[in-house]
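Coordinate inspection notes
Each chain, written out:
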Amino acid sequence: MESCTKQTKKIVIAIDGFSSCGKSTFAKQIAARLGYIFIDTGAMYRAVTLYALDHDAIRSGIVDEERIIALLPEIDITFRFNPQRGASDIYVNGVLVEGRIRTIEVSNFVSAVSSIAQVRSKLVAMQQKMGERRGVVMDGRDIGTVVFPDAELKIYMTADPRVRAERRYAELQAKGDEVSFDEVLDNVISRDKADMTRTISPLRQATDAIVLDNSRMSIAEQMEWFDGEFERIQKQLATGK
Ligand code: DC
């Protein structure tokens, strides 16, 4: 695969889907394989949520939309490649927040924050800029529908909610986060609902996206599936068929 990437056309790969489907892991692997830039857009919504929590724009479980909108101009999000992780770490105003954005507290408020129109328009504009030169793998909820409707390859990922909760639970446990399995499962189910039913840019499958259900797939099988799809798209681009 590596040897043929030189002759392939640089494209945008949009990966959308439910939370905890392994989108980021998959996107990161694809990016490493193709020498593309990987952008985790969920991390950007999480970073804004964390900033809102740190600046009293979410208090006693209440999300103060007006205050979050007022904070937006002072939020500068950047990514820096971390060779140890093989992916980029996220910074807010120069401060590394990678380790703090995946707590259950941030997860509980990120759907509400990401449904604010002004938050979305700021982050979507940043994402479009990051991908303007193609050669990116971007994962999120609205990449194939809103951010890059012209992406050459659109993947819509899904997996059984219990399987997803088990994966996220194992991740949180490994980090020493004290949380129950039921709390994680509830969070997965409620975020699915919130992501699909929000008014602006709800999670939905783009008409030209291909579905990948990885409930019973190993990482290696998933990659094999990707190789086939990437080759098919490259052939299509080369022949126009
Ligand atoms: O991928 P994730 O679970 O880290 O994303 C966190 C939240 O951010 C998710 O609940 C929905 C929101 N999100 C979004 O609205 N649009 C995106 N492109 C990416 C994430």
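Bear in mind that the values here come from a model prediction, so they are computed numbers and not experimental data. (Residues numbered from 1 in each chain as written. Predicted model: local features only at pLDDT ≥ 70, side-chain atom pairs only at ≥ 80, totals over all residues. Heavy atoms only, no water.)

Right, let's talk about the confidence of the model for the protein chain for a bit. Across the protein chain, the average pLDDT comes to 93, with 98% of residues at 70 or higher. Within the model, the stretch residues 1–5 combines pLDDT values under 50 with seven contacts to residues more than four positions away or in other chains. (pLDDT = per-residue confidence, 0-100. Contact = heavy atoms within 4.5 Å.)

Surveying the vicinity of the ligand reveals 15 residues, the closest of which are Arg46, Arg120, Asp142, Arg191 and Arg198. One nitrogen or oxygen atom from the side chain of Arg120 is found 2.8 Å from an oxygen atom belonging to the ligand. Contact distances for the ligand include 2.8 Å between a nitrogen atom and a side-chain N or O atom of Asp142. Protein contacts shield 97% of the accessible area of the ligand, which totals 450 Å² for the unbound molecule. (Near = heavy atom within 4 Å. Polar contact = N/O pair within 3.5 Å; in protein donor to acceptor, adjacent residues only side chain to side chain. Areas by Shrake-Rupley, 256 points an atom, 1.4 Å probe, with all protein chains shown as cover.)

Another aspect to go through is the packing of helix α2 (residues 41–54) against helix α5 (residues 117–130). The contact between α2 and α5 brings their axes to 11 Å, and the two run at 140°. Of the two possible hands of crossing, α2 and α5 adopt the one that is right-handed. Taking contact as the criterion, the partners of Thr41, Met44, Tyr45 and Val48 in α2 are, on α5, Val119, Arg120, Leu123, Val124, Met126, Gln127 and Met130. Looking at the contact of α2 with α5 residue by residue, the classes come out as eight nonpolar, two polar and one charged. (Axes fitted to C-alpha atoms, helices over the stretch in contact; angles between N-to-C directions. Helix = DSSP H or I, 4+ residues; strand = E, 2+ residues; numbered from the N terminus. Left-handed = near helix turned anticlockwise from the far one by under 90°. Nonpolar A, V, L, I, M, F, W, Y, C, P; charged D, E, K, R; others polar.)

So, on to the sheet that holds strand β7 (residues 95–96). Taken together, the three strands give an open sheet; going across it, the order is β5-β6-β7, and neighbouring strands pair in antiparallel fashion. With one partner strand each, in any of the chains shown, β5 (77–82) and β7 form the two edges of the open sheet. In terms of strand pairing, β5 meets strand β6 (residues 87–92) through six bridges, oriented antiparallel. The residue bridging Phe79 from the neighbouring strand is Ile90, located in β6. (Pairing = 2+ DSSP bridges.)

Under the counting rule described, the total for this entry stands at 16 salt bridges. Between Arg85 and Asp89 there is a salt bridge, with the nearest N and O atoms lying 2.8 Å from each other. Here Arg85 falls in the partly exposed class, since its relative accessible area comes to 34%. The class for Asp89 is buried, based on a relative accessible area of 7%. (Salt bridge = Lys/Arg side-chain N within 4 Å of Asp/Glu carboxyl O. Buried < 20%, exposed > 50% of the residue type's maximum accessible area, 1.4 Å probe, protein only.)

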